[in-house]
Amino acid sequence: MSAHANLERRRQAIYGWLLLTPALVLLSVFAFYPTMSTLWSSLFSRGTRRNPVEYIGTGNYTELFADPTFWIVVKNNLLYAGVTIPVSMAIALAMALWANGKISARGFVRTAYFTPTVLPMIAAANLWLFFYTPGLGVLDQIGSVFGLPSINWLGQPETALWAIIIVTIWKEAGFFMIFYLAALQTIPEDLKEAADIEGTSRWTYTRRIVLPLLMPTTIFIAINALINSVKLIDHLFILTKGGPSDASKLLLYYIWEMAFAFFDAPQAAAMTILVIGVLAIVAAAKFLYLDKRTHYQ
Amino acid sequence: MTTGPFVAIKDVAKRWNGQLGVEGITLDIPEGSFTALLGPSGCGKSTTLRLLAGLELPDEGKIFIDGKDVTTSAASDRNLSMVFQSYALFPHLSVAENVVFGLKVRRVPKLERQKKLHRALEITGLLGYEDRKPGELSGGQRQRVALARAIVAGQRLCLMDEPLSNLDAKLRNSVRKDIKKLQRDLGITVVYVTHDQTEAMSMADTVVLMKDGHIQQVGPPEELYNKPNNTFVAEFVGAPAMALISSDGLSGFEAGQRLGIRAENIQIVPKGEGRLTCTITESEFLGSETLIGLDHAHATGLCVLKSGMALMPEGDTIDITFTDEHLHVFDASGQRIATQT
Ligand SMILES: Nc1ncnc2c1ncn2[C@@H]1O[C@H](COP(=O)(O)OP(=O)(O)OP(=O)(O)O)[C@@H](O)[C@H]1O
Ligand SMILES: [Mg+2]
């Protein structure tokens, strides 16, 4: 290879690294380093006055796996994710397809759908408190018209998690709709016309053309929904505080409780590492598998 | 059943919130013919085609295809195929999937689909590209995929909206021939939109020249060339276009009339013997001949052709002449006046 090309390549490499540096520095300081230090502290015991901090290896993890509350919380969170992700995405897609059509008051419909998104989660939770409160809440008021007994939606183990799930779906669907709406607008009108001339039904067009073209957006939204299913717990503080009897407790809430209510930082760190591990596996699957099978424009 | 025209458009109009799209479009298209809709940008060619395809519904008038009133029918009920200006290929589907998309929708059995696909790709010279995505093809290849998709359906009527506009001159020439040959071989009826008059003149049996949403003239290419209905047609058709001289510049014509003359009918004559004295503004070498652009106070678009390489100095004055039989006479409103022959 000529010396000139070599020099040019080195210059390009330096250039690339220079461009990467700001992101690398920020990520290192605020993501990689905290992850590593969390991993590190999850390997030590909790220090008390009598027992000093000592290295216990996977001790925190075995203790965690033996904790029945942990398994309840994991089950809760799986259910929470398993319902909120597909349902909010399906609703978002349906709303986007509708709001993208030639309907009257299109602007109003879009705004109405988007409103929950601009509300802070805490405000949304307060709003829903107004629906769920036994006796005074809107749901009970409506129920009493039909002679139904008062139900404490947030106070019963059977309904508390579902009440939380509904708030999350309500909050997220509008947000995801915006992404779908934006993606739908990049699909050229003439694809629909070409399909029309061939006699394609609306459903076939949606299934064979629109959905595949929306795939990159769907993956993006799915990842976001997944992250939110771990991250979005603000409303728990207002609505149930994880209760009753841990019925609506989610992982991050439990981590917070562990660290700041029970002051068991190593235990919280161990749980954090598990969550990070699961999310990392999902991210890897996305890059290695889904991206290869998706059509990007 | 009477053998009326295959496609009949009767007094069709389309407006958007009162803004004119097209108006008073009346057109008969015989089966197996090649009709070109020609006109400058924004004259309503695409609108006319889309009305015919059923992608727009007319505000007035009626459309018949194969004797059936299809004025309000859905696009899929009109038994036609269409090639879009932008190709409208499905970006996530391979060439083969794009071509057979319509057949699949219509539940054509797999074996038959395969056969038709092979034939369509063969005709369009796309064999070997089956598995490529549209994004991995050149403009000309994409164009041919769009063509293949249109012919695989086997419809008797095919609409094309400026299918060659994205191709370079050389490719355009060859695809032009391909399309023409295809139309003849398959015996289909083609309605072809273009703003390129050479394309229209060389391919079409009938040219429909439009302007501002109205049809100016319908006829075979030579008729548009030899007997332009009005000054717009005269100035649009032919390269170089017809020159127009106002009657003030020539004796023996009524005031307000305008006279059209084609470059090939003008001769250069020695000083003092011509009917007009003009200034040379440009000489353009075209290969087999040289085009000399001329300027005269009472004329527009005057030019003369000299064979071979014959550049003339700009700014010189020359005399030109022509005979009255070659003059096209237009009245003050621009309409052709029938010559007394
Ligand atoms: N959807 C629409 N809404 C409003 N006006 C329209 C619409 N489509 C076309 N028009 C108008 O109708 C007229 C004819 O448009 P059309 O697309 O038929 O032109 P065209 O002859 O195909 O031009 P081009 O050669 O540039 O494609 C134009 O003045 C255009 O502005
Ligand atoms: Mg057009």
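Whatever comes next refers back to the structure up there.
The written sequence of each chain sets the order in which its residues are numbered from 1. Each chain is given a letter, starting from A, and each ligand a number, starting from 1, according to the order in which they appear as written. Local features in this predicted model are restricted to residues whose pLDDT is 70 or higher, and side-chain atom pairs enter the listing and the counts only when it is 80 or higher, whereas totals over whole chains, interfaces and linings include all residues. Hydrogens are left out, water is left out, and the side-chain values use all remaining heavy atoms of the structure.

Draft legend 1. Seen up close, the site of ligand 1. Residues and elements named next belong to chain B. Close to ligand 1 lie W16, L20, G21, S41, G42, C43, G44, K45, S46, T47 and E162. Throughout this description, a polar contact denotes any pair of N or O atoms lying within 3.5 Å of each other; where both atoms belong to protein, one of them has to be capable of donating a hydrogen while the other can accept it, and for residues adjacent in sequence the pair is counted only when both atoms sit in side chains. One of the side-chain nitrogen or oxygen atoms of S46 is found 2.6 Å away from an oxygen atom of ligand 1. Contact distances for ligand 1 include 2.5 Å between an oxygen atom and a side-chain N or O atom of T47. All accessible-area figures derive from a Shrake-Rupley calculation using a 1.4 Å probe, and residue coverage is judged against the displayed protein chains alone. With the chains in place, 64% of the 630 Å² that ligand 1 exposes on its own is no longer accessible. Helical segments are the DSSP runs of H or I of at least four residues, strand segments are the runs of E of at least two, and each set is numbered from the N terminus. For the shell around ligand 1, the leading source of residues is helix 1 (residues 45-53), giving 3 residues. A cutoff of 4 Å decides nearness: a residue is near a molecule or strand if any of its heavy atoms lies inside that distance of it.

Draft legend 2. Structural detail: the packing of aromatic side chains. Put simply, two rings from Phe, Tyr or Trp (the six-membered ring, in Trp's case) pair if the centres are within 6.5 Å, and we call them stacked under 30 degrees between planes, edge-to-face over 60, tilted for the rest. Here the structure, examined in full by the defined rule, presents 19 aromatic pairs over all chains. Ring centres of W128 of chain A and W170 of chain A lie 5.6 Å apart, and the angle between their planes is 75 degrees; on these two criteria the pair is classed as edge-to-face. Placement of the pair is W128 of chain A in helix 5 (residues 121-132) and W170 of chain A in helix 7 (residues 157-185), with a sequence separation of 42 residues. Ring plane angle 50 degrees and centroid distance 4.7 Å describe the contact between F90 of chain B and F101 of chain B, whose orientation is recorded as tilted. Taken together, the residues span a long stretch of sequence, with F90 of chain B in the loop between strand 6 (80-83) and helix 2 (95-105) and F101 of chain B in helix 2 at a distance of 11 residues. The residues F90 of chain B and F101 of chain B share a single accessibility class, namely buried. Grouping aromatic residues by their ring pairs yields a cluster made of W128, F130, F131, Y132 and W170 of chain A. Look at NZ for Lys and CZ for Arg. If either is within 6 Å of the ring centre and within 35 degrees of the ring normal, a charge sits over the ring. Sitting over the ring of Y205 of chain A, K192 of chain A keeps its end group 5.0 Å from the ring centre. The side chain of R262 of chain B reaches across the aromatic face of Y225 of chain B, ending 3.7 Å from its centre. Only protein chains enter the calculation, and the probe is 1.4 Å; a residue is then buried if its accessible area is under 20% of its type maximum, exposed if over 50%, and partly exposed in between.

Draft legend 3. Representation of unusual backbone geometry. All names here are of chain B. Of note, the amide linkage connecting A239 to P240 takes the cis form, showing an omega dihedral of 0 degrees. Considering the arrangement of structural elements, one finds P240 in the loop between helix 8 (231-236) and strand 11 (243-246). Positive phi is not limited to glycine here, since Y87 has a value of about 70 degrees. The topology assignment puts Y87 in the loop between strand 6 and helix 2.

Draft legend 4. Main features of the layout of surface pockets. Residue and element names in this part refer to chain A. Both cavities and pockets are sets of points on a 1 Å grid over the protein atoms alone; in a cavity a 1.4 Å probe fits but cannot get out, in a pocket the set is open with protein on both sides within 12 Å along at least five of seven lines, and lining residues sit with an atom within 4 Å of a point. Grid points are joined across faces, edges and corners, and a volume is the space filled by probe spheres set on the points. If you add up the space inside the largest pocket, you get close to 830 Å³. Looking at the largest pocket, it is lined by 24 residues, and the ones nearest its centre are N100, G101, K102, E189 and K192. Broken down by secondary-structure element, the contributors of at least two residues to the lining of the largest pocket are helix 3 (68-100), helix 7, helix 8 (189-197) and helix 9 (202-231). No other element matches the 5 residues that helix 9 contributes to the lining of the largest pocket. Tallied by class, the residues present in the lining of the largest pocket amount to 10 nonpolar, 5 polar and 9 charged. Throughout, the ten residues Ala, Val, Leu, Ile, Met, Phe, Trp, Tyr, Cys and Pro are labelled nonpolar, Asp, Glu, Lys and Arg are labelled charged, and all others, Gly among them, are labelled polar.

Draft legend 5. Region of the structure containing the sheet that holds strand 4 (residues 60-65) of chain B. Residue and element names in this part refer to chain B. Spatially, 4 strands are ordered 2-1-4-5 in an open sheet, and the strand pairing comes out antiparallel. Edge strands, defined here as strands with exactly one partner in the open sheet, are strand 2 (19-29) and strand 5 (68-69). If DSSP finds at least two bridges between two strands, the strands pair. Where strand 1 (residues 7-16) lies against strand 2, 7 bridges are found, and the strand directions are antiparallel. Bridging from a neighbouring strand, A8 pairs with D28 of strand 2.

Draft legend 6. Inspection of a nonpolar patch on the surface at higher detail. Judged by side-chain polarity, W17, L20, L24, L27 and F32 of chain A come together as a nonpolar surface patch covering roughly 530 Å² of accessible area. Relative to the helices and strands, L24 of chain A resides in helix 1 (residues 3-41). Patches here: salt-bridge-free residues with over 30% relative accessible area, like charges joined within 9 Å, nonpolar side chains (Val, Leu, Ile, Met, Phe, Trp, Tyr) joined within 5 Å. Any carboxyl oxygen of Asp or Glu within 4 Å of a side-chain nitrogen of Lys or Arg constitutes a salt bridge here.

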